[in-house]
Amino acid sequence: MRSRKFLKAEQAPLAWDAPGLLAGVDEAGRGPLAGPVVAAAVILDDERPIRGLADSKTLTALQRERLHDQIMAKALCCSIAQASVEEIDTHNILQATMLAMRRAVEGLRLKPAKVLVDGNRLPQLDVLAEAIVKGDARVKAISAASILAKVHRDRLCEQLHQEFPHYGFAGHKGYGTPEHLEALLQHGACVHHRRSFSPVAAALARMAPAMPVVQVESTLPAVAVQTQVVAIELRPAP
């Protein structure tokens, strides 16, 4: 049986890691029913440390906003990218998340020698990369990326709320809360909802009226024509 000491040694950083800049990558918005998924990549400056970096989910909104500004001011470079609702519905949320992460890394002004990604999956990158489970709580650069991604997406949801206030995006940020699901039943889905997500699809199905039968007058025998509303999209008032 392997000793505990040997098992711990196996988890140490690889000796052949290339020296150079290190980028942290994380995402926000995989679970919500609406809006894009957002990813951020951050290369921190060792000469300008930022206190208080942590997993964005453990911070208050005010703490995230303050740290967001510090990261933008002190990091060597940052990049924020996203994958659209259309890409989520076309490719699925996992592939769209990987796409947003790749775009974030490719958007960095400086090319990192290695990329550390939160979670257990890696996007396709042209640099050395490593996935770290719970990396947003263990690696400062990933913590910084999680904060940028979260703040950016929350701000997007504030904009969605201005456009479609009856859904309450400013409060639930697109997640499937009871209030959000009730709004879906009352108003249908807007252009920002992810139709590939089952709660949205179920709400649209419940809204679809019974298929009416319309008689078409013709010299030929009467034929029943059936029509069905599949989805309803709400547009903002002019």
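Because the structure is predicted, anything quoted here is derived from the model rather than measured.

**Q** I would appreciate a short explanation of the overall build of the chain in the present structure.
**A** Along the chain, the regular secondary structure elements total 9 helices and 9 strands. Here the chain, with 238 residues, has 40% of them falling under the buried criterion. If you take every contact in the chain between residues at least 6 apart in sequence, the share linking residues at least 24 apart comes to 61%. Within the structure as shown, the chain displays about 13900 Å² of accessible surface, and the carbon and sulfur contribution to it stands at 55%.

**Q** Help me understand the sheet that holds strand E5 (residues 128-132) in this model?
**A** To summarise the sheet geometry, strands pair through backbone hydrogen bonds and adopt either a parallel or an antiparallel arrangement. In space, the 5 strands of this open sheet follow the order E3-E2-E1-E4-E5, with mixed pairing throughout. A strand with exactly one partner marks an edge of an open sheet, and here the two such strands are strand E3 (77-83) and E5. Within the sheet, the average angular offset between the axes of one strand and its neighbour, ignoring direction, is 20°. As judged from the 7 bridges shared by strand E2 (residues 37-43) and E3, these two strands associate in the antiparallel manner. Looking at the pairing, valine 38 lines up with glutamine 82 of E3.

**Q** Got a minute to help me understand the packing of helix H2 (residues 61-74) against helix H6 (residues 140-163) in this structure?
**A** The relative placement of two packed helices comes down to the angle between their axes together with the axis-to-axis distance. One can describe the packing of H2 onto H6 by two numbers: an axis separation of 9 Å at closest approach and a directional angle of 115°. Between H2 and H6 lies a crossing of left-handed hand. Across the interface between the two elements, Arg64, Glu65, Leu67, His68, Asp69, Ile71 and Met72 of H2 pack against Ala144, Ile147, Leu148, Lys150, Val151, Asp154 and Arg155 of H6. For the contact of H2 with H6, the residue count by class is 7 nonpolar, 1 polar and 6 charged.

**Q** It is not clear to me how the environment of histidine 187 should be interpreted in this structure. Could you clarify?
**A** As for its position among the elements, histidine 187 is in helix H8 (residues 178-187). Considered as a pair, histidine 187 and methionine 207 are 20 residues apart in the sequence and their alpha carbons are 8.8 Å apart.

**Q** I tried to follow the packing of aromatic side chains on my own but got confused; where do I start?
**A** For the structure shown, the criterion picks out 2 aromatic pairs. Note on phenylalanine 164 and tyrosine 167: the rings are 6.2 Å apart at their centroids and 65° apart in plane angle, and the pair reads as edge-to-face. Phenylalanine 164 gets classed as buried once you look at its relative accessible area, which sits at 1%. Judged by its relative accessible area of 2%, tyrosine 167 falls in the buried class. Judged by centre distance (5.5 Å) and plane angle (35°), the ring pair of tyrosine 167 and phenylalanine 169 falls under tilted. Judged on exposure class, the residue tyrosine 167 and its partner phenylalanine 169 are both buried.

Conventions used here
Residues numbered from 1 in each chain as written. Predicted model: local features only at pLDDT ≥ 70, side-chain atom pairs only at ≥ 80, totals over all residues. Heavy atoms only, no water. Helix = DSSP H or I, 4+ residues; strand = E, 2+ residues; numbered from the N terminus. Buried < 20%, exposed > 50% of the residue type's maximum accessible area, 1.4 Å probe, protein only. Contact = heavy atoms within 4.5 Å. Areas by Shrake-Rupley, 256 points an atom, 1.4 Å probe, with all protein chains shown as cover. Pairing = 2+ DSSP bridges. Axes fitted to C-alpha atoms, helices over the stretch in contact; angles between N-to-C directions. Left-handed = near helix turned anticlockwise from the far one by under 90°. Nonpolar A, V, L, I, M, F, W, Y, C, P; charged D, E, K, R; others polar. Phe/Tyr/Trp six-rings, centres within 6.5 Å; stacked < 30°, edge-to-face > 60°.

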